[in-house]
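Secondary and tertiary structure notes
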Amino acid sequence: MKFNPIKVAFGRHETFALRYSWLTKGYQAVSKPKGNSIFSSDEATVVLGVGKNMVNAIRYWLQAAQLIAPAQSGFETTPLGDKIFGKKGFDPYLEDEATIWLVHWLIASNPELATGWYWFFNKFHKPEFTSQEAASALLEFAKQNIQSKFSATTVKQDSAIVLRMYARSKGNTRTPIEEVLDSPLSLLGLITQAPGGRTYYSRALERDALPIGIFGFAIAQVFEAMHISELPIEDLMYAKGGYPAPGAVFRLTENAMITKLERLIHQMPGIFEIRETAGIHQVYLLEKIEPMEFLEFHYQDQLQENVA
């Protein structure tokens, strides 16, 4: 979760933005008996129903979204992957928009495998920009902060993929229509595109559609990663010390951040608390909790609503 200037990754998606069916399809392939070697198997293109380059892209996105991880012989599903996409998982077919918010957080808080995504949502704060400005800013970030070798072309390409993955195309005829339709993250409205496609917007908003359970999961992950029991709200708003910030990743206004924290405290009492210390508003962790419990809170609540 913490940015490491030596452990970074650019261009591993083979220039393919994440598509709707890939997470379910890829997770299911890995979870089957002997599925750990599916990506190196001659049958991968048949099982996944895509070309060789897309096989590599699916493998990459599953890792970037923290649903699979390298194992002794190939790959294995992660406990988080099992919770969401398993046979008895919360949302194996990506039908709940909350899962898309969750996948967004998991990618944007993964600087080691999705460096461009981590940078865009945690470090790039221009509300209005062109694709060229974003590409130049990412390249500048790489030059100043990354200690391992990288290709300027690949870095710029990653910036373009970020925009393609999140912005619904408006008048840009160069993007294949299936890519526009198939990127689930464009539903979140975190990046929008002006008519004609030259200008992009990524503004802090209230984000009413962001479920409290997913928001709580992100907050709990930050506390867990930092091994702390208190943190200024400002640090949850703006990425500091190399850690991702939920406020930045979800593009929340400061007011929305506080409102969501208050709702989280109200809906799941006894875990977090907001206190003012020496004029600084801080969030306190009152009781250690597994981040996964926040996901259970969301999905089980949804389950009860659907049954009712």
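Focus: the overall build of the chain
- Across its full length, the chain holds 14 helices and eight strands.
- For 308 residues, the compact-globule estimate of 2.2 N^0.38 gives 19 Å, and the C-alpha radius of gyration of the chain, at 19 Å, lies within 12% of that figure.
- Counting over 308 residues, the chain shows a buried share of 50%.
- The contacts in the chain between residues at least 6 apart in sequence include a share of 67% that link residues at least 24 apart.
- Counting only carbon and sulfur atoms, one obtains 49% of the accessible surface of the chain, whose full area is about 14700 Å².

Looking at helix α6 (residues 115-123)
- Counting buried residues along α6, eight of its nine residues qualify, which places the element largely inside the surrounding structure.
- Within α6 the residues assigned to the buried category are Thr115, Gly116, Trp117, Tyr118, Trp119, Phe120, Phe121 and Asn122.
- Buried positions along α6 lie against α3 (52-64), α5 (97-108), β3 (128-130), α7 (131-145), α8 (152-166) and α12 (246-249).

Quick word on the sheet that holds strand β4 (residues 192-193)
- If you walk across this open sheet you meet the three strands as β3-β5-β4, and the pairing is antiparallel. Each of the sheet's edge strands pairs with one partner strand only, and the pair in question is β3 and β4.
- The pairing of β4 with strand β5 (residues 199-201) spans two bridges and is antiparallel. Across the sheet, residue Gln193 finds its bridge partner in β5, namely Tyr200.

Regarding the packing of α6 against α7
- Contact geometry for α6 and α7: axes closest at 11 Å, N-to-C directions at 105°. Taken together, the axes of α6 and α7 are roughly perpendicular relative to one another. Where α6 approaches α7, its residues Gly116, Trp119 and Lys123 are matched on the opposing element by Ala134, Ala137, Leu138 and Phe141.
- Of the residues belonging to the contact of α6 with α7, the class tally is five nonpolar, one polar and one charged.

Observations concerning the sheet that holds strand β6 (residues 230-232)
- Read across the sheet, three strands follow the order β6-β8-β7 without closing on themselves; strand pairing throughout is antiparallel. Of all strands in the sheet, those with a lone pairing partner are β6 and β7 (272-277), marking the two edges. Sheet twist, expressed as the average angle between the axes of neighbouring strands with direction ignored, equals 30°.
- Pairing between β6 and strand β8 (residues 280-285): three bridges, direction antiparallel.

Brief notes about the pattern of salt bridges
- The tally for this structure, following the rule as stated, stands at six salt bridges.
- Between Glu234 and Lys240 there is a salt bridge whose closest N-O contact spans 3.2 Å.
- Owing to a relative accessible area of 47%, Glu234 belongs among the partly exposed residues under this scheme.
- Between Glu273 and Arg275 there is a salt bridge whose closest N-O contact spans 2.4 Å.
- Its relative accessible area of 30% is what places Glu273 among the partly exposed residues.
- Residue classification places Arg275 among the partly exposed positions, given a relative accessible area of 35%.
- Shared partners join several salt bridges into a network, and the residues in it are Glu234, Asp235 and Lys240.

Concerning unusual backbone geometry
- With a phi angle near 65°, Gln66 is a residue other than glycine that sits in the positive phi range.
- Relative to the helices and strands, Gln66 is located in the loop between α3 and β1 (68-71).
- The phi dihedral of Arg251 is positive, around 55°, even though this residue is not glycine.
- Look at Arg251 and you get buried, because its relative accessible area is 6%.

Some thoughts on α5
- Between its first and last C-alpha, α5 extends 17 Å over 12 residues, near the 16 Å set by a 1.5 Å rise per residue.
- Among the 12 residues of α5, 11 are classified as buried, and the element is accordingly described as predominantly covered.
- Turning to α5, its buried residues number three or more, namely Ala98, Thr99, Ile100, Trp101, Leu102, Val103, His104, Trp105, Leu106, Ile107 and Ala108.
- With a side-chain oxygen positioned 2.9 Å from the backbone nitrogen of Ala98, the residue opening α5 is Asp96.

What counts, and where the lines are drawn
- Residues numbered from 1 in each chain as written.
- Predicted model: local features only at pLDDT ≥ 70, side-chain atom pairs only at ≥ 80, totals over all residues.
- Heavy atoms only, no water.
- Helix = DSSP H or I, 4+ residues; strand = E, 2+ residues; numbered from the N terminus.
- Rg over C-alpha atoms; globule rule 2.2 N^0.38 Å.
- Buried < 20%, exposed > 50% of the residue type's maximum accessible area, 1.4 Å probe, protein only.
- Contact = heavy atoms within 4.5 Å.
- Areas by Shrake-Rupley, 256 points an atom, 1.4 Å probe, with all protein chains shown as cover.
- Pairing = 2+ DSSP bridges.
- Axes fitted to C-alpha atoms, helices over the stretch in contact; angles between N-to-C directions.
- Parallel < 35°, antiparallel > 145°, perpendicular 65-115°, else oblique.
- Nonpolar A, V, L, I, M, F, W, Y, C, P; charged D, E, K, R; others polar.
- Salt bridge = Lys/Arg side-chain N within 4 Å of Asp/Glu carboxyl O.
- Expected span 1.5 Å × (residues − 1).
- Polar contact = N/O pair within 3.5 Å; in protein donor to acceptor, adjacent residues only side chain to side chain.

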